[in-house]
Amino acid sequence: MQDNRDFKTPLTRPSPMGRKLKAIMDGFSKRSNLEPDEYYYNEDGYIVFTEKYLLKRGYCCQNGCKHCPYGFDKNKGRIDKKGR
């Protein structure tokens, strides 16, 4: 039986693909020297970068990150300056 799910399958499901993807992401965090307070897994199992990590990275990726410190508005498609 072939597993045809894509990479967006939530990691919380007990499946071989989910365990494999979680192992890949855990390896990514170790190779990228991420601190525990720079990311977390949401309830769907996706990795979420914190404001601390996004500031450390040093630029806005314009993907509409949940904790974007640069004020990017995905709906407007531009960076709206935050009061910082």
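All of these numbers come straight from a predicted model, not from anything done at the bench.

Q: Break down the environment of Lys66 for me, with residues and values.
A: Positionally, Lys66 belongs in the loop between α2 (51-57) and β3 (72-73). For the pair formed by Lys66 and Thr50, sequence separation is 16 residues and the distance between their alpha carbons is 8.1 Å. Every residue in contact with Lys66, bar those within four places of it in the chain, is listed here: Tyr40 and Val48.

Q: Tell me about the side chain of Thr50, residues and numbers included.
A: Secondary-structure assignment places Thr50 in the loop between β2 (47-49) and α2. Apart from the residues lying within four places of it in its own chain, the contact partners of Thr50 are Asp37, Glu38, Tyr39, Tyr40 and His67.

Q: Quick rundown of the pattern of salt bridges? Include the residues and the values.
A: Evaluated as defined, the whole model comprises four salt bridges. Of the charged contacts, one joins Asp37 and Lys52 as a salt bridge, the two residues approaching to 3.0 Å between their closest N and O atoms. Note that Asp37 is positioned in the loop between α1 (16-31) and β1 (39-41) and Lys52 in helix α2, a separation of 15 residues in sequence. In this structure, the salt-bridge partner of Lys76 is Asp80, at a minimum N-O distance of 3.4 Å. Assessed through its relative accessible area of 24%, Asp80 is described here as partly exposed. Here the residues in one salt-bridge network are Lys76, Arg78 and Asp80, joined through shared partners.

Q: Account for the environment of Asn75, with residues named and values stated.
A: For Asn75, the position within the fold is in the loop between β3 and β4 (78-79). On the basis of relative accessibility, which here comes to 79%, the residue Asn75 falls in the exposed class. The spacing of Asn75 and Gly64 is 11 residues in sequence and 8.7 Å in space, taken between C-alpha atoms.

Q: Quick one: what's the story with the state of the cysteines, residue by residue and with numbers?
A: For the structure shown, the criterion picks out zero disulfides. Unpaired in terms of disulfides, Cys60 finds its nearest cysteine sulfur in Cys68, a separation of 4.1 Å. Owing to a relative accessible area of 10%, Cys68 belongs among the buried residues under this scheme.

Q: Any details on the layout of surface pockets? Residues and values, ideally.
A: Considering only enclosed or pocket space, the largest pocket measures out at about 180 Å³ in volume. As for the largest pocket, its lining consists of Ile47, Val48, Phe49, Arg57, Cys61, Asn63, Gly64, Cys65, Lys66 and His67. Tallying contributions element by element places β2 first for the lining of the largest pocket, with three residues. In terms of residue class, the lining of the largest pocket is built from five nonpolar, three polar and two charged.

Calculation criteria
Residues numbered from 1 in each chain as written. Predicted model: local features only at pLDDT ≥ 70, side-chain atom pairs only at ≥ 80, totals over all residues. Heavy atoms only, no water. Helix = DSSP H or I, 4+ residues; strand = E, 2+ residues; numbered from the N terminus. Contact = heavy atoms within 4.5 Å. Salt bridge = Lys/Arg side-chain N within 4 Å of Asp/Glu carboxyl O. Buried < 20%, exposed > 50% of the residue type's maximum accessible area, 1.4 Å probe, protein only. Disulfide = S-S within 2.5 Å. 1 Å grid on protein atoms, 1.4 Å probe; cavity = no way out; pocket = protein on both sides within 12 Å on 5 of 7 lines; lining within 4 Å. Points joined across faces, edges and corners; volume = space filled by probe spheres on them. Nonpolar A, V, L, I, M, F, W, Y, C, P; charged D, E, K, R; others polar.

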